[in-house]
Amino acid sequence: MSDQVKYVLDETQIPKFWYNLAADLPKPLPPVLHPGTKEPVGPGDLEPLFPMALILQEVSAERTIEIPEPIRDVYRTWRPTPLMRARRLEQALGTPAKIYYKYEGVSPAGSHKPNTAVPQAWYNKEQGIKRLSTETGAGQWGSSLAFAGALFGIEVTVFQVRVSYDQKPYRRALMETYGARCIASPSNETDSGRAILAKTPNNPGSLGIAISEAVEMAAKNPDVKYSLGSVLNHVLLHQTVNGQEAIKQFEMAGDDPDVIIGCTGGGSNFAGLAFPFLGLQLRGGRKRRFIAVEPAACPSLTRGKYAYDFGDTAHLTPLVKMHTLGSTFIPPGFHAGGLRYHGMAPMVSHLYELGLIEAVAYHQKACFDAGVQFARCEGIVPAPEATHAVRCAVDEALRCKQMGKAETILFNLSGHGHFDMAAYISYFEGKLIDQKYDEGELAMALAGLPSVAA
Ligand SMILES: *Cc1c(COP(=O)(O)O)cnc(C)c1O
């Protein structure tokens, strides 16, 4: 895997740079638009929400961005994460394929999300910010930012989607252990929350609503900034430590993946593993397959429209071009809470439009089947989100078996499921159902997309 742009790791095998795919794109990303003027936003428009260093990363065209030493120092507490070969799973499937996984569940919060929570908190601290607001669905992102806030002395307020606030008390307890304040969303603390509660007092909440509340809190308080755990370019950028490590680890193992798989909620763990490999390809290296796996009940890439849309329900964010189910679309309440977002990262959407990546959608029961089989072979219980990647890896291995092909498959095991055992209990009790979204509601949400001149 030689390349004119070397991905550089330091003596402890931590990457020295984040890799920015924007530098190697065959066609530039469509601009982010101001919701009022529909003109491209400038860095100044984003200043109420983010520190300048992150805004500059968001719009950067530099191929590599140096990771400050204090951030690498924190990464060292759990990185590099292991690249493992799932030999017992290969045997159980009787496949000639080799299956590898990169295990991100070894971080303190149990997923890939601290890879971006730590730099986001650090850059805010560098700019003198004392408070961050954010949203969380299942609680993975909220606990990651709470952890990072604790490291750098930043107060973190988390708007947690009401259903998961009630159903997942242990994630909330973890956030509070790290010192964050957790508020069930929709809440009475913001105008957007109050407006929704006035109409529907028992509203179960959604990521789109929780984002509105967190953005509003930052926009109205000069001493508060907002932090997002996926979707944005700078978030995907931070995640690229994972793929760079994987390239190095495959070199050490004397192997090379043909297929690279990640589950996609907002697209960040998929991007983190795939982009450094895709960069090699775009700079003239060999071609590989990249597969984004999404839930069939919230299929933004495979069923959504590629259009300008808001990132939140109350329409406080700028307009971004992405695959979207419409910002008013509320997906059914399946267990992979981290995949219940109406949109997809603009960068991942763009790659899908360019035909550089593939996408598939799976229902949750088939994913848990694969998750349980994986646990019984390899010992690690995957997070419900990650079971989507496991399902796809298993299907690819079975395809190899059928075709008698010895391909090398790599998937991202984005997190463990230790806080999600209620979902596994439902599965074993036979109570897990494959929910379908309402076609009528999807059509309505798509009809309500903002109009933007081509
Ligand atoms: C949040 C989460 C996801 C989905 O988010 P992406 O930005 O698409 O990566 C996937 N897996 C786990 C374990 C998560 O916590």
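Now for a look at the structure at hand. (Residues numbered from 1 in each chain as written. Predicted model: local features only at pLDDT ≥ 70, side-chain atom pairs only at ≥ 80, totals over all residues. Heavy atoms only, no water.)

## Some remarks on the site of the ligand
Neighbouring the ligand are 18 residues; Lys113, Ser230, Gly265, Ser268 and Asn269 lie closest to it. His112 places a polar side-chain atom, nitrogen or oxygen, 3.0 Å from an oxygen atom of the ligand. Here an oxygen atom of the ligand and a backbone polar atom of Gly265 are 2.7 Å apart. Summarising the interface, the protein chains cover 98% of the accessible area of the ligand, which totals 380 Å² for the free molecule. (Near = heavy atom within 4 Å. Polar contact = N/O pair within 3.5 Å; in protein donor to acceptor, adjacent residues only side chain to side chain. Areas by Shrake-Rupley, 256 points an atom, 1.4 Å probe, with all protein chains shown as cover.)

## Quick look at the nonpolar core
Counting 43 residues, the largest nonpolar core has Leu89, Tyr101, Ile261, Phe374, Phe411 and Leu413 as the members making the most contacts within it. If you list the elements that add at least two residues to this core, you get helix H4 (87-93), strand E4 (98-103), strand E9 (259-263), strand E10 (289-295), helix H16 (364-378), helix H17 (384-403), strand E14 (408-413) and helix H19 (439-447). The greatest single-element share of this core, amounting to 8 residues, is contributed by H17. Setting aside residues no more than four positions away along its own chain, Leu89 makes contact with Ile99, Gln373, Phe374, Cys377, Glu378 and Val394. (Core = buried A, V, L, I, M, F, W, Y, C linked by side-chain atoms within 4.5 Å. Buried < 20%, exposed > 50% of the residue type's maximum accessible area, 1.4 Å probe, protein only. Helix = DSSP H or I, 4+ residues; strand = E, 2+ residues; numbered from the N terminus. Contact = heavy atoms within 4.5 Å.)

## Concerning the environment of Ala383
With respect to the helices and strands, Ala383 occurs in the loop between H16 and H17. According to the relative accessible area criterion, Ala383 is buried, its value standing at 2%. Expressed as a C-alpha distance, the spacing of Ala383 and Ala336, which sit 47 residues apart in the sequence, is 7.8 Å.

## Concerning the pairing of E4
In terms of burial, E4 is largely enclosed, as 5 of its 6 residues are buried. The sheet contact formed by strand E3 (residues 83-85) and E4 spans 3 bridges and is antiparallel. Opposite Met84, over in E4, you have Tyr101 as the bridge partner. Bridge analysis of E4 against E14 gives 6 bridges, and the strand direction is parallel. Across the sheet, Tyr101 pairs through a bridge with Phe411, a residue of E14. (Pairing = 2+ DSSP bridges.)

Everything listed here is a matter of geometry and, on its own, says nothing about what the molecule does.
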